[in-house]
Amino acid sequence: MPDDRTTVTRLPDRARYDAESVASILDTAFVCQVGFVVEDEPVVLPTIYARIDDAVYIHGSTLSRWLSNIDGTNVCFSVTQVDGIVFARSAFHHSLNYRSVVAFGVARIVTDPDERITALRAVSEAVQPGRWKDSRQPSESELRATTVLRIPLDRASAKIRSGPPNDASADYASSYWAGVVPLEQRRGVPIPDPKLRDGISIPAYLAISEF
């Protein structure tokens, strides 16, 4: 159920509070922003993530002064997918078609070895399904150098806008063009590393496709 932090007050008809809506948005992206406060200064950290059940996981270096300071603190986690630019007849009613999630929770450093590996595998697979098995697994020293954080999703809300512009009734008779320009993310043709050993072909899972 929404609370005072997760309740959408601006255009509440666009809000979704069910777990399925939240998950459907999170599972089609892998870049997020995590906001928190360190020494009375606000910080927003862009990073990659993965959702597992009712939590999201992020990771980074153990040397990161940001990650090492937010264990046990309140954070704000957000993800936005932009699907189109909405051109209205009036400048005031221009908008975007989008799907977004905002969650509030306490970030915790993951210490359980199995959960850490599961989270790191999930992040890798969120960026590119099939890649985890097709790469060298982390060494013990690499695992020691990596911080994994878990953020719960029990205080989350989604917000979605779709469709044409919503102009003021008097503006529909104007001569200004109005409509939607769709936006898409697409994967390009893979570019091999110049140092790639001869005879290694592009994996089938890297075939060009939409995100």
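Residues numbered from 1 in each chain as written. Predicted model: local features only at pLDDT ≥ 70, side-chain atom pairs only at ≥ 80, totals over all residues. Heavy atoms only, no water.

What to know about unusual backbone geometry
Residues other than glycine seldom take positive phi values, yet E39 does so here, at roughly 50 degrees. Examined against the element boundaries, E39 turns out to sit in the loop between strand 2 (31-38) and strand 3 (41-48). For E39, a relative accessible area of 73% translates into the label exposed. Residue D40 is not a glycine yet carries a positive backbone phi of 65 degrees. Overall, D40 belongs to the exposed group, its relative accessible area being 75%. (Helix = DSSP H or I, 4+ residues; strand = E, 2+ residues; numbered from the N terminus. Buried < 20%, exposed > 50% of the residue type's maximum accessible area, 1.4 Å probe, protein only.)

Some words on the packing of aromatic side chains
In the structure shown here, the tally under the stated rule is two aromatic pairs. The interplanar angle of 85 degrees and the centroid separation of 5.3 Å between the aromatic rings of Y49 and F77 together place this pair among those described as edge-to-face. Of this pair, Y49 sits in the loop between strand 3 and strand 4 (50-52) while F77 is found in strand 6 (residues 74-87), placing the two residues 28 residues apart along the sequence. The ring of W66 carries the charged tip of R65 above its face, separated from the ring centre by 4.0 Å. (Phe/Tyr/Trp six-rings, centres within 6.5 Å; stacked < 30°, edge-to-face > 60°. Lys NZ or Arg CZ within 6 Å of the ring centre and 35° of its normal.)

Overview of the environment of R121
Among the structural elements, R121 can be located in helix 2 (residues 113-127). For the pair R121 and I109, spaced 12 residues apart in sequence, the C-alpha separation works out to 16 Å.

Considering the pattern of salt bridges
Scanning the entire structure with this criterion turns up seven salt bridges. The residue D54 makes a salt bridge to R150 at a minimum N-O spacing of 3.5 Å. Pair noted here: D54 is in the loop between strand 4 and strand 5 (55-61) and R150 is in strand 9 (residues 146-152), with a separation of 96 residues, a long-range link. The salt bridge partner of D134 is R131, with a shortest N-O separation of 3.5 Å. (Salt bridge = Lys/Arg side-chain N within 4 Å of Asp/Glu carboxyl O.)

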